[in-house]
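As a plain string of letters, each chain reads:
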Amino acid sequence: MSFDSPLLLLAAANLTNEEHHLPSPRRLKEARSKRKGKNIFVAGATGKTGKRIVEQPLSKGFAVKAGVRDVERAKSILSGDNPLLEIAKADVTEGSTKLSEAISNDIDAVICSTGFYRSLDLVSPWKINNFGTVNLVEACRKQNVKRFILISSILVNGAAMGQLPNPACIILNLFGLTLVAKLQAENHIRKSGMNYTIIRPGGLTNDPPKDNIVMEPEDTLYGGSISRDQVAQVAVERASLQPESNYKVVEIAARMDASERSLPEIFSSIQRR
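Residues numbered from 1 in each chain as written. Predicted model: local features only at pLDDT ≥ 70, side-chain atom pairs only at ≥ 80, totals over all residues. Heavy atoms only, no water.

Would you take a moment to explain the pairing of strand E10 (residues 248–255) for this structure?
Consecutive side chains of a regular strand alternate in pointing toward one face of the sheet and then the other. Most of E10 is tucked away: 7 of the 8 residues are buried. Note: strand E6 (residues 195–201) against E10, 5 bridges, orientation parallel. Note that in E10 the partner of Arg200 across the bridge is Glu251. As defined by bridge partners, strand E8 (residues 212–217) adjoins E10 across 6 bridges and the pair is classed as antiparallel. Bridge assignment links Val214 to a residue of E10, and that residue is Ala253. (Buried < 20%, exposed > 50% of the residue type's maximum accessible area, 1.4 Å probe, protein only. Helix = DSSP H or I, 4+ residues; strand = E, 2+ residues; numbered from the N terminus. Pairing = 2+ DSSP bridges.)

Sorry if this is basic, but what is going on with the side chain of Lys248 here?
Structurally, the position occupied by Lys248 is in strand E10. One buried charge, Lys248, has no salt-bridge partner; the nearest side chain with opposite charge is Glu244, at 7.6 Å. Apart from the residues within four sequence positions on either side, Lys248 is in contact with Tyr196, Thr197, Ile198, Phe267, Ser268, Ile270 and Arg272. (Lys, Arg positive; Asp, Glu negative; His and termini not counted. Salt bridge = Lys/Arg side-chain N within 4 Å of Asp/Glu carboxyl O. Contact = heavy atoms within 4.5 Å.)

For this particular structure, what's the right way to read the packing of helix H2 (residues 48–59) against helix H9 (residues 228–239)?
Each packed pair of helices is defined by two parameters, the angle between the axes and the distance between the axes. For the pair H2 and H9, the least separation of the axes is 8 Å and the interaxial angle reads 50°. The angle between H2 and H9 falls in the class oblique. The element H2 and its partner H9 pack so that their crossing is right-handed. Together, Lys48, Thr49, Arg52, Ile53, Gln56 and Pro57 of H2 and Arg228, Asp229, Val231, Ala232, Gln233, Ala235 and Val236 of H9 make up the contact between the two elements. (Axes fitted to C-alpha atoms, helices over the stretch in contact; angles between N-to-C directions. Parallel < 35°, antiparallel > 145°, perpendicular 65-115°, else oblique. Left-handed = near helix turned anticlockwise from the far one by under 90°.)

Help me understand helix H4 (residues 96–103), please; the structure alone is not making it clear to me.
For H4, the complete set of buried residues consists of Ser96, Leu99, Ser100, Ala102 and Ile103. The buried residues of H4 occupy an angular sector of 160° when the element is viewed end-on, so they sit on one face. The secondary structure elements touched by the buried residues of H4 are strand E1 (39–43), strand E2 (63–68), strand E3 (85–89), strand E4 (109–112) and helix H5 (124–142). Downstream of H4 by a residue or two, Ser104 has a phi angle that is positive, lying close to 70°. (Arc of directions from axis to C-beta.)

I would appreciate a short explanation of the sheet that holds E3 in the present structure.
Each strand in a sheet pairs with its neighbour through backbone hydrogen bonds, running either in the same direction (parallel) or in the opposite one (antiparallel). As summarised here, the arrangement of the 8 strands in space is E3-E2-E1-E4-E5-E6-E10-E8, forming an open sheet in which the pairing is mixed. Of all the strands in the sheet, just E3 and E8 have a single pairing partner and so form its edges. Adjacent strand axes in the sheet meet at a mean angle of 20°, parallel and antiparallel pairs treated alike. Two strands pair when backbone bridges link them, and E1 and E2 are joined in this way by 5 bridges, in the parallel orientation. Pairing of Phe41 across the sheet is with Lys65, part of E2. Contacting E1, E4 and strand E5 (147–151), H5 crosses the sheet at an angle of about 165° to E5.

Pasting the structure below:
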């Protein structure tokens, strides 16, 4: 199990035909037009969680635009021959104008699953998890995107929860105060006026799901783990026009003793703050 900071959203850069990976321009246009209102942009699409987020809506027949920094690498990772998938050159650190061009005006929901690679560069979490997320939000506002879904992390508000001594909180904040950067990005989303859902997973695992999802209000969970597949499931459910999740911050983990419930039912059990 790894307790990674869950990956956040990708986006942007001036797009030319060469920068798109299109199975067929005509087939892609036809496929996307048939799914109008179900077009999803995934930032951080080649990450361990982002890849799963891309795969799930494609399996449901939704059109997906995958925002990536390296298009050639993305072609080897994602289902490039799917006519519902478009791979777009994008970088959340390059500002909201380029991001809005990458997102385009036919996107209904944006899922932010971007993240940074741990390194000695202590500014990286702020470039990606804070300024990058803010850039993405502003790009969405320019394109009138209806819904914004952020994959964040439990313990982002650890100080208010009295969890600063929590080992997970200490480890994550060792890398440039990652949790603080994420919390400030969350606050920007709340004030943006966009219809949002912020999903805070526990420790992420690469294993297939074996336990049921537990969802709690913000600043509740301080431990636990969850499969990346289940995180993707929750994010895609939110992107599919589920009003039960509007303007909510939720925390999720998986537990063996949890009862199995539908995601709309679980979202409905969480009250807005």
